[in-house]
Amino acid sequence: MFDQKKYISKSENTDKQISRRTMILSIGVTGIFALMSSRLAYLQLYRHKDYKSLSDENRITHRLIQPSRGVIYNAQGKPIANNIESYHASIILEEVSDINKALESLNAVLPEKQIDIDKTIKKIKKSKKFVPVQIIDNLSWNEFAKLNSNLYQLKGVFPSVGYKRFYPEKDSHAHLLGYISDIAKEEYKENPFSKLNNAKSGKIGLEKSLDKELRGRLGLKSIEINAFGREIRELKRIEGKVGQSVQLTIDSDVQNFCFDLLKGLSGSISVIDVNTGNYIALASAPAFDPNKFSDGISSSDWQSLLDNKYKPLINKSISSYYPPGSTIKPLVALAALESGINPNETFSCNGKHEVEDTSLESGIKTFHCWKEDGHKEVNMNKAIKVSCDVYFYHIARRVGIDKIAEVCRRFGLGDEVFDLFYEEQPGIVPDKKWKRATLGTNWLIGETLVSAIGQSYFLSTSSQLSLAFAQIVNGGKQIKPNLIYRKDERDIKIPTLLAAQSHLKILMKALDNATNEPGGTSYRSRILGENKMAGKTGTSQVRVITEKEREEGIIKNKDLPWNKRDHGLYVGYGPSDRPKYAISVIIEHGGSGSKAAAPIASKIFKFLFRKKMDIKQSVIKNV
Amino acid sequence: MFNSSYSSGNLSYSERIKRINYFIIFLILVLFSFGLLALYSVAEGNFNSWPKNHLYRFLIGLLLIFFLSMIDIKLIFKFAYPIFFLNIIVLALTPIIGTEVFGATRWIKIGGISLQPSEFAKYTLILALAKYYHSMQYANTNSLTKLLIPSVFVIVPTLIVFIQPDLGTAIVIALGSLSIFWAAGLSYRYFISGGLIGLLSIPIAWQFLREYQKERVFTFFNPERDPLGNGYHILQSKIALGSGGFFGKGYLDGTQSHLNFLPEMHNDFIFTMFGEEFGFLGSIFLIIIYLSIILLSFRMAIASKSLFSRYLSIGVTFVFSLYVLINISMVMGLIPVVGVPLPFLSYGGSSTLAIMGGFGLLMNCYINQRTNLERGDFF
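## Points about the overall build of chain B
Here's step 1: Regarding its fold elements, chain B presents 15 helices and three strands.
Here's step 2: For chain B, the residues scored as buried account for 50% of the 379 residues in total.
Here's step 3: Sequence-distant contacts, at least 24 apart, represent 73% of the contacts inside chain B between residues at least 6 apart.

Listed below in structure tokens is the structure:
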């Protein structure tokens, strides 16, 4: 009995102990539950905002939408740079059951476009399995059709259509338009399109200058994605802006005609409407096919463009500069007229002109006329007509370099014509101040003489010379050179006159005589008939002819290596009685201006005069 | 003399059914309904996959509760050791006869059903320990020699499961058993020195951890170490919970879950999904129900007269608490990810059956709270 009692009391004791310990256990568990709940509150209440934005970052992604690039039209309103469909074959990994087999059968369908299976698989495996991967680019329409009709045996392969830049006029407009290719690393900062996968940017020409306008503004769509990056749905879309299209003043017929005349030559031609300032053609040769860049140019093609000694990548109408040679003479004559020199005053030309030069042993430096035995008595009209150097030596000494430089600048030399192209060069119009600033030495009198015949430091571009002549023959009106056609910007305001009408008349008569009178430097290239051309030849030396050489007889151009030959220039206008166009032709190392350049200009004028008639007729038809 | 009036044999079946604690069954039903809702959302509105299977398992589980509540407690008492040993044998054989999934051999196939013996080991160990301490004088608990057998009971299944490898289950088995030692009056000294030994043995245990388990632990201590790898899941889980806010994103509208940013949504991370869609309000409600079940179960445990029933009930309740605590702490980034399911919500057959079996045992003890059991009846 006692034992039992003892056992009971013990059991009661145990009871209490167990209850107490269970109580402690449940308190402990409750405590941890409280801790857990406060953690839950911390996450869901206190940190809610942070996690909410993290969650949105997770699920929402932004994709850029590329707008279509602006189209460039010519004066006729025909596209000369546009976007055409390009055809590709793509593959979506998750839809393919056996990738090796799929690529093999693709090779069987398009045997001309053999793809490297191993390489392609590597490329495909890098992308997400639901993203289409382009495996063949630039399929022809026939290949694309073949792909489409064989799709039933190509599970997972998809024909896809994209856009690429297309230049219908190919190489004739190449420098003017430029080309587009992959965005370079240096552009990443300022070009927002660099964030796109395959976006391209203009590299030279108008494609580069107008890149910002042409490319438009990127659109943006917000999409919901899952953890694997797959698009679930579109949440929001901000439309971009399609690239701006532009119309040029370039007439592709004239441009192509000019380009064809330069075939086999290295040089440039620019054609300007003297009244509006519109450039009708800006041709440069040799050229390249910009379409090759749209497809991705091969490295061998690119290397051959770089290695070509005729520099096909340079736009010679704006980026190459040459000593203007005798084509500068009308401007020097104008400087003389403005300095009060009587155009009828004559100077005697015996083939050379001597100037005191104490630095030389003989004390005398001799400057030669291009005509060895001289032009005899020469007045201003004759000097321009026969291009007498000695006459210009005389008047230059009287007028001085600063006045000559001032007139040249007034007519647009020494400054960029278009203020548009990254690659355009301003050339050089030298004067005393320029020499001190650039070379740090004083101007020499001999340099004035050589400058007067467009040599020494003088450097001009083809487009500058055509602009200068346009402003001489349009009655001295200052014009704004245009390449981009602007409808509403007709010249209503009174134009600034650059020179006195009486002076310009004297120059124009002389230029007319130089082409259309026997003895003129370009007489052989004159145009017979109602509409005539007029203009000035120029031959700019790229080498110095020494006295010794003169004694032994000057080597003829055709006997020299190509790059030592003279540049041939011709700058002219037409019709001579009521000027409408000014043209400059520069043939690099082509020999004399009268032989190399003037005949080309003549052909262009003939084409232009005929073309004008055509347009008239078509206008009449329309009425 | 003591087992005269209250022996279970005296209770009729109708009486037993009457004595069932229906409130706790109701709470379990509520939890299960939430689980069904969550799984329906995980399955993107497809009832026929996870939700349907979960429902079947739950119905089997309810039958199991009913069956285990109705049988004679003496039978359970009698077969406590054999059941435990059988479980150990099956557990030991699992690597040989089992099927490997994700690099771990945890499952054995019986008929068409795959079962995880380790899930049941949590409960059979409790059974064995309850029986062992039932037969012991309360005062003898602290004798070192008396501690030897129960220690072996704990260490064997824990080690087997640890080697499988299944760290989460091993931790639940080991920690779960501690509740019995605690209830049986083991001195604080043992718990403190045991804790110290545990800490000291971490470097040794570390060497047995698999590479991925080590990664998980590393990741836990420094989630930014590898935000796209191992740290990714826990970070995404926290983002999901946090972005849910007070009211949640709405049922079926969880972006983290439905856009696949969460791992194992139907299983270990189901609480995250629930928290994202139902917010703090829903989650705290869920937690309160869990806590209510636990506190209620502890109260049911003390109501029992026999030590065996008490220990068994306390063990079952504590194991259940561990499931909940470890799982929720894990998805909230409080402890490393160890792979413990959330009772009644997670989609897992063995764990659901084991947990419900546990409640069956608890219910049986509750029904037979007045029943006395003889001591020292070893087999």
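Still more ground to cover, so stick around.
## Quick word on the environment of Gly412 of chain A
All names here are of chain A.
Here's step 1: Inspection of the secondary structure puts Gly412 in the loop between α15 (401–410) and α16 (432–438).
Here's step 2: Classification of Gly412 by C-beta neighbours within 10 Å gives buried; the count is 24.
Here's step 3: A sequence separation of 55 residues divides Gly412 from Leu467, and the C-alpha atoms of the two residues are 6.8 Å apart.
Here's step 4: Among all residues touching Gly412, those that are not within four sequence positions of it are Val417, Gln464, Leu467, Ala468 and Gln471.

## Here's the deal with the nonpolar core
Here's step 1: Counting 109 residues, the largest nonpolar core has Ile126, Leu129, Ala130, Ile180, Tyr311 and Tyr323 of chain B as its most contacted members.
Here's step 2: Counting residues per element, this core draws most heavily on helix α14 (residues 307–331) of chain B, which supplies 17 residues.
Here's step 3: Discounting chain neighbours no more than four positions away, the residues touching Tyr311 of chain B are Leu129, Ala130, Tyr133, His134, Ile180, Ala183 and Ala184 of chain B.
Here's step 4: One finds Leu177, Leu334, Ile384 and Ile404 of chain A within the second-largest nonpolar core, a separate group that totals 106 residues.

## A word on the pairing of strand β9 (residues 231–238) of chain A
Residues and elements named next belong to chain A.
Here's step 1: The buried count for β9 comes to zero of eight residues, which makes it a mostly uncovered element.
Here's step 2: Both strand β8 (residues 219–225) and β9 contribute to a ladder of six bridges, which runs antiparallel. If you follow Ile223 over to β9, its bridge partner there is Glu234.
Here's step 3: Counting the residues that bridge the hairpin from β8 to β9 gives five residues, and of these Gly229 lies at a positive phi of roughly 90°.

## Structural notes on the interface of chain A and chain B
Think of interface size as the accessible area that goes away when the parts come together; that is how it is often given.
Here's step 1: With 33 residues of chain A at the interface, the matching set in chain B holds 39 residues.
Here's step 2: Those elements giving two or more residues to the side of chain A that touches chain B turn out to be α1 (2–46) and α2 (48–59) of chain A.
Here's step 3: No other element matches the 20 residues that α1 of chain A contributes to the side of chain A that touches chain B.
Here's step 4: Counted by class, the side of chain A that touches chain B contains 15 nonpolar, 12 polar and six charged residues.

What counts and what doesn't
Residues numbered from 1 in each chain as written. Chains lettered and ligands numbered in written order. Predicted model: local features only at pLDDT ≥ 70, side-chain atom pairs only at ≥ 80, totals over all residues. Helix = DSSP H or I, 4+ residues; strand = E, 2+ residues; numbered from the N terminus. Buried ≥ 20, exposed ≤ 12 C-beta atoms within 10 Å, placed from the backbone. Contact = placed C-beta atoms within 7 Å. Core = buried A, V, L, I, M, F, W, Y, C linked by C-beta atoms within 7 Å. Pairing = 2+ DSSP bridges. Nonpolar A, V, L, I, M, F, W, Y, C, P; charged D, E, K, R; others polar.

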